[in-house]
Amino acid sequence: MRTPIVAGNWKMNKTVEEARSLVLSMSLKLREIGGVEKVLCPPFPALLAVSAMLQGTGIGLGAQNMHWEEKGAYTGEVAPAMVAEFCQFVIIGHSERRAYFGETDEMVNKKVHAALAHGLTPIVCVGETEDEYASNRTGEVVRRQISRGLADADPAKAATLIVAYEPIWAIGTGRASSGENANAVLADHIRPALADLFGEDTSQAIRIQYGGSVTGANADEFFSQPEIDGALVGGASLKKDDFIAIVQAAAK
Ligand code: PEP
């Protein structure tokens, strides 16, 4: 049995003060919900404050990105050890980073290696564009993202990886995939690609989230699918009632 995991990607939202008040408004409720792992991913400047607030709550903390190099002349970047000071998780290869900041599968791969080396759990995002979906290329795209992005990852740590399947056409659009469609992508392409890399047993242990317009109202549809082990949530993770409802749905 894989424990479901719900992560909130706050993206470029919330100042430190705003982050504090959002955490304050939902942490008590969130910590009461058992049987599901919860993770908050605020922007970098809020990590210190949020990490202090989450101490002892059992709620995990994640960064939304990081560089793969240890340190040096990389203006504006954040090193793995800096992330690992506060976080247990790091989102890698989000489609917005791929689309707006030129992140490639090769860069994703370096970040995955760096994260695992620093004891961080990577949440690795994969997913197809609208055009790729329309031309039936979803399988080919996610298989390539998995095989290149996770290539040569330490097999002893591979079972701890988290993959987020996020069809790009469903992100922030209010047009979520159907649970059945997302489940089929996981069953037919993502888990088999993981098995090719790490073997059948490890592929069965890796948790795969769905992401793309998940809300409190549609969460059940995803979590009732056998392959879907939680969600990566964008917009709805900024609304306390919605996020709590999603976590509750995952716990059922
Ligand atoms: C995301 O950005 O990872 C995401 C799933 O966003 P949203 O929930 O807003 O579609």
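Here, the structure is the one placed above.
Residues numbered from 1 in each chain as written. Predicted model: local features only at pLDDT ≥ 70, side-chain atom pairs only at ≥ 80, totals over all residues. Heavy atoms only, no water.

Before going further, it helps to spend a moment on the overall build of the protein chain. Broken down by element type, the protein chain carries eleven helices and eight strands. In summary, the protein chain has a C-alpha radius of gyration of 17 Å against a globular reference of 18 Å for 252 residues, a match within 12%. Across its three principal axes, the protein chain shows a C-alpha extent of roughly 45 × 45 × 35 Å. With 252 residues in all, the protein chain has 54% of them scored as buried. The contacts of the protein chain with a sequence gap of at least 6 include a subset with a gap of at least 24, amounting to 72%. (Helix = DSSP H or I, 4+ residues; strand = E, 2+ residues; numbered from the N terminus. Rg over C-alpha atoms; globule rule 2.2 N^0.38 Å. Buried < 20%, exposed > 50% of the residue type's maximum accessible area, 1.4 Å probe, protein only. Contact = heavy atoms within 4.5 Å.)

With respect to the element layout, Thr 138 can be found in helix α7 (residues 138–149). Look past the residues within four positions of Thr 138 in its chain and what remains in contact with it is Glu 128, Glu 132, Tyr 133, Tyr 165 and Val 185.

What follows is about the packing of helix α1 (residues 16–32) against helix α2 (residues 47–54). Packing of α1 against α2 brings their axes to within 9 Å, and their N-to-C directions diverge by 20 degrees. Taken together, the axes of α1 and α2 lie roughly parallel to each other. At the point where α1 passes α2, the crossing takes the right-handed sense. Only Ala 49, Val 50, Met 53 and Leu 54 of α2 make contact with α1, whose side of the interface consists of Val 16, Ala 19, Arg 20, Val 23 and Leu 24. (Axes fitted to C-alpha atoms, helices over the stretch in contact; angles between N-to-C directions. Parallel < 35°, antiparallel > 145°, perpendicular 65-115°, else oblique. Left-handed = near helix turned anticlockwise from the far one by under 90°.)

Let us look at the side chain of Thr 202. On the secondary structure map, Thr 202 appears in helix α9 (residues 200–205). Judged by its relative accessible area of 18%, Thr 202 falls in the buried class. Once you skip the residues sitting within four places of it in the chain, Thr 202 turns out to touch Ala 158 and Ala 159.

On to the packing of aromatic side chains, then. Enumeration over the complete set of coordinates arrives at four aromatic pairs. Grouped by ring-pair contacts, the aromatic residues Tyr 165, Tyr 210 and Phe 222 constitute a single cluster. (Phe/Tyr/Trp six-rings, centres within 6.5 Å; stacked < 30°, edge-to-face > 60°.)

On to the site of the ligand, then. As a matter of local geometry, the ligand sits amid 14 residues, with Lys 11, His 94, Glu 166, Gly 172 and Ser 213 nearest to it. Here an oxygen atom of the ligand and a side-chain polar atom of Lys 11 are 2.5 Å apart. For the ligand, whose free accessible area comes to 290 Å², the fraction covered by protein is 95%. (Near = heavy atom within 4 Å. Polar contact = N/O pair within 3.5 Å; in protein donor to acceptor, adjacent residues only side chain to side chain. Areas by Shrake-Rupley, 256 points an atom, 1.4 Å probe, with all protein chains shown as cover.)

Ranked by size, the top nonpolar core spans 65 residues in total, and within it Val 6, Leu 150, Val 163, Tyr 165, Ile 190, Leu 194 and Phe 223 carry the most contacts. For this core, the element with the highest residue contribution is helix α8 (residues 179–198), accounting for seven residues. Here Tyr 165 is in contact with Val 126, Gly 127, Glu 128, Thr 138, Val 142, Ala 182, Val 185, Leu 186, Ile 190, Gln 209, Tyr 210 and Gly 211, once residues within four sequence places are set aside. Listed in part, the eleven residues of the second largest apolar core include Ala 7, Ile 123, Cys 125 and Ile 162. (Core = buried A, V, L, I, M, F, W, Y, C linked by side-chain atoms within 4.5 Å.)

On to the pairing of strand β3 (residues 60–63), then. Here β3 shows no split at all, with Gly 60 and Gly 62 on one side and Leu 61 and Ala 63 on the other all buried. Pairing analysis gives two bridges linking strand β2 (residues 37–41) to β3, with the strands arranged parallel. Within the sheet, the bridge partner assigned to Leu 40 lies in β3 and is Leu 61. Remark: the β2/α2/β3 crossover connection has right-handed handedness. (Pairing = 2+ DSSP bridges. Right-handed = clockwise from strand over helix to strand, strands pointing away.)

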